[in-house]
Number of protein chains: 2
Amino acid sequence: MNQQKKGTNRDNNHYNPVSVIRKKRDGETLSNEEIEYLIQQYTTDAMPDYQMSAFLMAAFLNGLNDNEAAALTHSMLHSGIIVDLSHVPGIKVDKHSTGGVGDKLSLILAPIVAACGVPVPMISGRGLGHSGGTLDKLESIPGFTVDIDLNRYKEIIEKHNLVLAGQTEEIAPADKRLYALRDVTATVESIPLIAGSIMSKKLAEGIDALVLDVKFGSGAFMKTVEDAKKLAKTLVGIGEQFGKETIAYITDMNRPLGNAVGNWLEVKESIDCLNGDGPSDVMEISHLLAGTMIYLGKKADNISKGIELSRSAVSNGSAIQKWIDIVKEHGGDINFIKNPESYPKASHIVDLNSDADGVIAAMDTYLVGMASLELGAGRKSKEETVDPQAGIMLHKKTGDSVEKGETFATLYTNKKETLNNAIEMLKSAYSIGEEAIKPVRLITHKVDKNGIHDYSD
Amino acid sequence: MNQQKKGTNRDNNHYNPVSVIRKKRDGETLSNEEIEYLIQQYTTDAMPDYQMSAFLMAAFLNGLNDNEAAALTHSMLHSGIIVDLSHVPGIKVDKHSTGGVGDKLSLILAPIVAACGVPVPMISGRGLGHSGGTLDKLESIPGFTVDIDLNRYKEIIEKHNLVLAGQTEEIAPADKRLYALRDVTATVESIPLIAGSIMSKKLAEGIDALVLDVKFGSGAFMKTVEDAKKLAKTLVGIGEQFGKETIAYITDMNRPLGNAVGNWLEVKESIDCLNGDGPSDVMEISHLLAGTMIYLGKKADNISKGIELSRSAVSNGSAIQKWIDIVKEHGGDINFIKNPESYPKASHIVDLNSDADGVIAAMDTYLVGMASLELGAGRKSKEETVDPQAGIMLHKKTGDSVEKGETFATLYTNKKETLNNAIEMLKSAYSIGEEAIKPVRLITHKVDKNGIHDYSD
């Protein structure tokens, strides 16, 4: 009587969704097998959305520890294909950013790192809400296609040490379904769930090592440096559990990165950077991330030497040449890379001028992103399309002096109907005061397998 | 720009499901309008199950305060009809029990209270799991029907001061849908959600006042007296918010109530009680609950006088006569009420005899309920049917002495295949020791609008 069915721990008959949900609800730790069971049941439609959303809320409120987050990542990763890049010589390294406003770093560091001999398999996403996405930026280059199949993906990276692609249905399909459910059940902003989502996609690319840019501040998803540190620690922990060396930097997103916000405007700024003429904040982080990737790719003995190689790739022209080559390979019109000024302009271009003398005391970077979205550069829902020409050039940023009548920002749009709205948003994003606030460090921490370190360099 | 739509606070356009879920997720208090919005959206299929289950888990973990619980009750109550019993003279009073093993109190107190002139509109549920249900017990009387429409419901209570019915689709349909969802998302055991479910159904019956029997212990849903106190306080708070005087008692369910467990066996025991020959624990709570109902129905100046009237209704025969009348009205065969011994017996009747001399030190009342379910008296899922003849007679309970060879329990079943399983369960439910444990008080607290009071009488 009451005989238990015999089997291994992996026997799914030992579990049921309600008991696993209840366990997490009661603050207990789930086994790898229980998490695998949930994800497997969900992705095979054996477990309905309403049970998964109850689990997600329980996980949101009671947390998942590092092992649980790694098990979740493992289950989502193995819900799809893991690209095999063993035919490509070298240590494959990618970079992921948690997203921000004006973050065009991928467009700069990818060709730098590839030019230094480290293969970069880069699968990127689209922008949503205030935050831009690398795919939208790439597609602002006429002809550039990110929709490539697996064979073409392998072919391009083998040829150029670099490939730039969009996520396909084959990569971590469980994450795609889970993310869509989290979006409509108020369970997005959970550090272990975010970490699992990021890492399941990155680990599927075929990487050997990973560099992470975890942003905090008004323009980032993590509002505080403390949350950014937690996320970075979780991400690095997962990477290391999968045997992929992972280094994260915590960087400030209380100011937009560089001066350009918007798809083509950011591509143009990244070309300036590759030509050695970029804004200092963009170049500082680009060289740090690129240098770290070059170090992880074992083309430099340490990160400092990696940064030196990164600077050389810009100064000797190999990085911009790599960029021209890869744009051409993806079908993009390289005339716009060689001569960015020839790109067609938006129909409405409006300068914002200061009412008074003063100093930019602070910027609400989220509002800058939202103003850019109003201009057409972003999308409120996944179905919307973006306008490559739309965006903002920020001539002044936090800490800069401004004179009465001086232009502090210029708006570009083809949507006259929302222009005034964007102008109001952008104006209110700027706080002009009498003196500059204490400058914030751009890069605050480095996080690696040994822990969290204050960053000063 | 950004003009807000004008409207009252009840304008549902001001809300969206994700923002209300997020608010509860973040531990904030929801307004009445927000809760009404959720329930209204859910019951009109404008909000899917997966959003409601995320909300339920957030409410489970972050709680709902008394106002939120009352708003939830209000929304669920108004999702269906509220019976109008204004044509029936007198103050209508019902009783609700949170459920247990051997709890046949409704069958005893309903005719007592009705015989004392207080109208009792009683809508009951079916048993599920270890716990029995009044409807199943009533239906063990051949011919008795609980499926009556609203007109018949009003007609019966007007004629007899009593009606016994099953819940219809018209009563609190939102609760029915929510309960089904809670059952599969591990969100059942939440005090405010339980309270909202109970009260929305009771308030729909057309009552003016309510008595509650909130049970704790191994055979109850609330395992501790502390949880029972919290639930009772929430239930009384909701009742008072709706202007219905509500009194709750906290009672012990570490022992089954009375000696009979199982549908007909319990009906038979309740007939014994109405004939003045019932077990003392059953009679003590029955008279207390009935006396309180009589007091709330203003047929006695205080509860003590109500209890006196209750005892008189048994001793003068008016209660058993009321029972015969109401069984007849509902189509039941009154010969079995008048002569319970004539009821057909189960095909298998097994005595359990003690292996040794001793004292019943403790009983796992949950296991007694589960043994009864194995015998056919209960249902594991809503779709199963129950066997009216199946059940257990407990000849010995906690504190009783037992001699070697003496029968301490008798099992009744028509299912030979699970009999041995039930025997093992029932045996393991009994702990026989050398001395009696400290007797537990049957009724520990009274809870009313003035708070929680220790009960001693």
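Predicted, not measured: the structure shown is a model, and the values here were computed from it.

Residue and element names in this part refer to chain B. As summarised here, the arrangement of the 4 strands in space is S6-S9-S11-S7, forming an open sheet in which the pairing is antiparallel. Among the strands making up the open sheet, the edge pair consists of strand S6 (260-261) and strand S7 (348-353). Pairing analysis gives 4 bridges linking strand S9 (residues 391-394) to strand S11 (residues 407-413), with the strands arranged antiparallel. Of the residues in S11, the one forming a bridge with Ile 392 is Leu 411. Across the sheet, helix H16 (residues 365-375) lies against S6, S9 and S11, angled at about 135 degrees from S9, the strand it touches most.

Residue and element names in this part refer to chain A. Taken as a whole, chain A is organised into domain 1 (3-77), domain 2 (85-338 + 443-454) and domain 3 (345-433). A straight line from the C-alpha centre of domain 1 to that of domain 2 covers 31 Å. On the side of domain 2, 26 residues touch domain 1, which itself brings 20 residues to the contact. Both faces considered, domain 1 and domain 2 share a buried interface measuring about 2100 Å² in area, 74% of it formed by carbon and sulfur atoms. In this structure, Asp 45 and Arg 177 form a salt bridge, with 3.0 Å as the shortest nitrogen-oxygen distance. Counting across the domain 1 and domain 2 interface gives 3 residue pairs in polar contact (both at pLDDT 80 or more). Counting only elements with at least two residues in the side of domain 1 that touches domain 2, the list comes to helix H2 (32-43), helix H3 (49-62) and helix H4 (66-77). Top contributing element to the side of domain 1 that touches domain 2 by residue count: H4, with 9 residues. Residues of the side of domain 1 that touches domain 2, tallied by class, amount to 12 nonpolar, 5 polar and 3 charged.

This next bit is on the sheet that holds strand S12 (residues 430-433) of chain B. Residue and element names in this part refer to chain B. In spatial order, the strands read S10-S8-S12; together these 3 strands make up an open sheet with antiparallel pairing. The outermost strands of the open sheet, each flanked by one partner alone, are strand S10 (401-402) and S12. Here 2 bridges tie strand S8 (residues 358-363) to S10, and the two strands are oriented antiparallel to one another. Bridge pairing links Gly 358 to Val 402 in S10. Packed on one face of the sheet, helix H17 (residues 419-429) meets S8 and S12 and runs near 45 degrees to S12.

Glancing now at the pattern of salt bridges. Counted according to the given criterion, the structure contains 54 salt bridges over all chains. Between A:Asp49 and A:Arg177 there is a salt bridge, and its shortest N-O distance comes to 3.8 Å. One end of the pair, A:Asp49, is in helix H3; the other, A:Arg177, is in helix H8 (residues 173-183), with 128 residues separating them in the sequence. Note that B:Arg22 and A:Glu189 form a salt bridge whose closest N and O atoms lie 3.9 Å from each other. Of the two residues, B:Arg22 is situated in helix H1 (residues 17-25) and A:Glu189 in the loop between H8 and helix H9 (191-203); the pairing between them involves two chains.

Residues and elements named next belong to chain A. Scanning all chains against the criterion turns up 12 aromatic pairs over all chains. Ring geometry for Tyr 15 against Tyr 37: centres 5.4 Å apart, planes inclined by 45 degrees, an arrangement best described as tilted. Here Tyr 37 lies in helix H2 and Tyr 15 lies in the segment before helix H1 (17-25), a separation of 22 residues in the sequence. Overall, the relative accessible area of 4% leaves Tyr 37 in the buried class. Note on Phe 336 and Tyr 343: the rings are 5.3 Å apart at their centroids and 75 degrees apart in plane angle, and the pair reads as edge-to-face. For Tyr 343, a relative accessible area of 7% corresponds to the buried category. In textbook terms, an aromatic cluster arises when at least three aromatic residues are bridged by ring pairs, as seen for Trp 264, Phe 336 and Tyr 343.

So, about the relation of the copies chain B and chain A. In the superposition of chain B on chain A (RMSD 0.1 Å, axial shift 0.1 Å), the rotation amounts to 180 degrees. Viewed as a symmetry operation, the transformation between the two copies matches a two-fold axis. Rotation axis and chain B: the residue whose C-alpha lies nearest the axis is B:Tyr50, separated from it by 1.9 Å. When you check the interface residues of chain B against chain A, 100% turn up at the interface there too, and the contact is symmetric in its surfaces.

Let us now look at the nonpolar core. Counting 121 residues, the largest nonpolar core has B:Val214, B:Tyr249, B:Trp323, B:Val368, B:Ile392, B:Leu394 and B:Leu426 as the members making the most contacts within it. Among the elements that line this core, the one with the most residues is helix H12 (residues 280-296) of chain B, at 9 residues. Shared between two domains, this core takes at least three residues from each, and those domains are domain 2 (85-338 + 443-454) and domain 3 (345-433) of chain B. Counting residues in hydrophobic clusters, the runner-up holds 120 residues, among them A:Leu107, A:Ile148, A:Leu442 and A:Ile443.

Attention shifts here to the packing of H9(A) against helix H10 (residues 225-241) of chain A. Helix packing for two helices is described by the angle between their axes and how far apart those axes are. Residues and elements named next belong to chain A. H10 packs onto H9 with a crossing angle of 45 degrees between their chain directions and a minimal axis gap of 9 Å. What the angle tells us is that H9 and H10 run oblique. Here H9 runs over H10; the crossing is right-handed. Of H10, the residues touching H9 (which contributes Ile 191, Pro 192, Ile 194, Ala 195, Gly 196, Ile 198 and Met 199) are Asp 227, Lys 230, Leu 231, Thr 234, Leu 235, Ile 238 and Gly 239. A breakdown of the residues in the contact of H9 with H10 according to their chemical character gives 9 nonpolar, 3 polar and 2 charged.

For the rest of this paragraph, the subject is the interface of chain B and chain A. Taken together, the contact between chain B and chain A spans 26 residues of the former and 26 residues of the latter. When chain B packs against chain A, close to 2100 Å² is buried across both sides, 69% of that on carbon and sulfur atoms. Viewed at the interface, chain A and chain B are joined by 4 salt bridges. The closest approach of N and O atoms between B:Glu189 and A:Arg25, which form a salt bridge, is 2.8 Å. Counting across the interface, chain B meets chain A through 9 residue pairs in polar contact (both at pLDDT 80 or more). Here the side of chain B that touches chain A takes 10 residues from helix H3 (residues 49-62) of chain B, the largest share from any one element.

Conventions we followed
- Counting restarts for each chain, with residues numbered from 1 along the sequence as it is written.
- Starting at A for chains and at 1 for ligands, labels are handed out in the order in which the entities are written.
- For a predicted model such as this one, the threshold for reporting local features is a pLDDT of at least 70, and the threshold for listing and counting side-chain atom pairs is 80 or more; totals across whole chains, interfaces and linings nevertheless cover every residue.
- To get the side-chain values, all heavy atoms of the structure are used, and hydrogens and water are removed first.
- Only strands that DSSP links by at least two bridges are regarded as paired with each other.
- Going along the chain from the N terminus, every DSSP run of H or I of four or more residues is numbered as a helix, and every run of E of two or more is numbered as a strand.
- Residues count as neighbours in contact if any of their non-hydrogen atoms are within 4.5 Å of one another.
- Comment: axis = line fitted to C-alpha atoms, over the contacting stretch for helices; angle = value between 0 and 180 degrees taken between N-to-C directions.
- Where each domain starts and ends comes from a domain assignment, either automatic or drawn from a database.
- Accessible-area loss on putting two parts together, using a 1.4 Å probe and summing over both, is the definition of buried area adopted here.
- A pair is scored as a salt bridge if a Lys or Arg side-chain nitrogen falls within 4 Å of a carboxyl oxygen belonging to Asp or Glu.
- For this analysis, a polar contact is any N or O atom pair within 3.5 Å, provided that within protein one partner can donate a hydrogen and the other can accept it, and provided that sequence-adjacent residues contribute only side-chain to side-chain pairs.
- In this classification, the charged set is Asp, Glu, Lys and Arg, the nonpolar set is Ala, Val, Leu, Ile, Met, Phe, Trp, Tyr, Cys and Pro, and all remaining amino acids, among them Gly, are polar.
- Any Phe, Tyr or Trp ring, taking Trp's six-membered ring, that has another such ring centre within 6.5 Å forms a pair; planes under 30 degrees apart are called stacked, those over 60 apart edge-to-face, and the others tilted.
- Type-normalised accessible area, obtained with a 1.4 Å probe on protein chains alone, sets the label of each residue: buried when under 20%, exposed when over 50%, and partly exposed for intermediate values.
- What sets the superposition is a least-squares fit of C-alpha atoms, and only residues with pLDDT of at least 70 in both copies go into it.
- We define a nonpolar core as any set of buried Ala, Val, Leu, Ile, Met, Phe, Trp, Tyr and Cys residues linked to one another through side-chain atoms lying within 4.5 Å.
- What sets the label is the angle itself: under 35 degrees gives roughly parallel, over 145 gives roughly antiparallel, 65 to 115 gives roughly perpendicular, and the rest give oblique.
- By convention the crossing between two helices is left-handed if the near helix lies anticlockwise of the far one by an angle smaller than a right angle, and right-handed if it lies clockwise.

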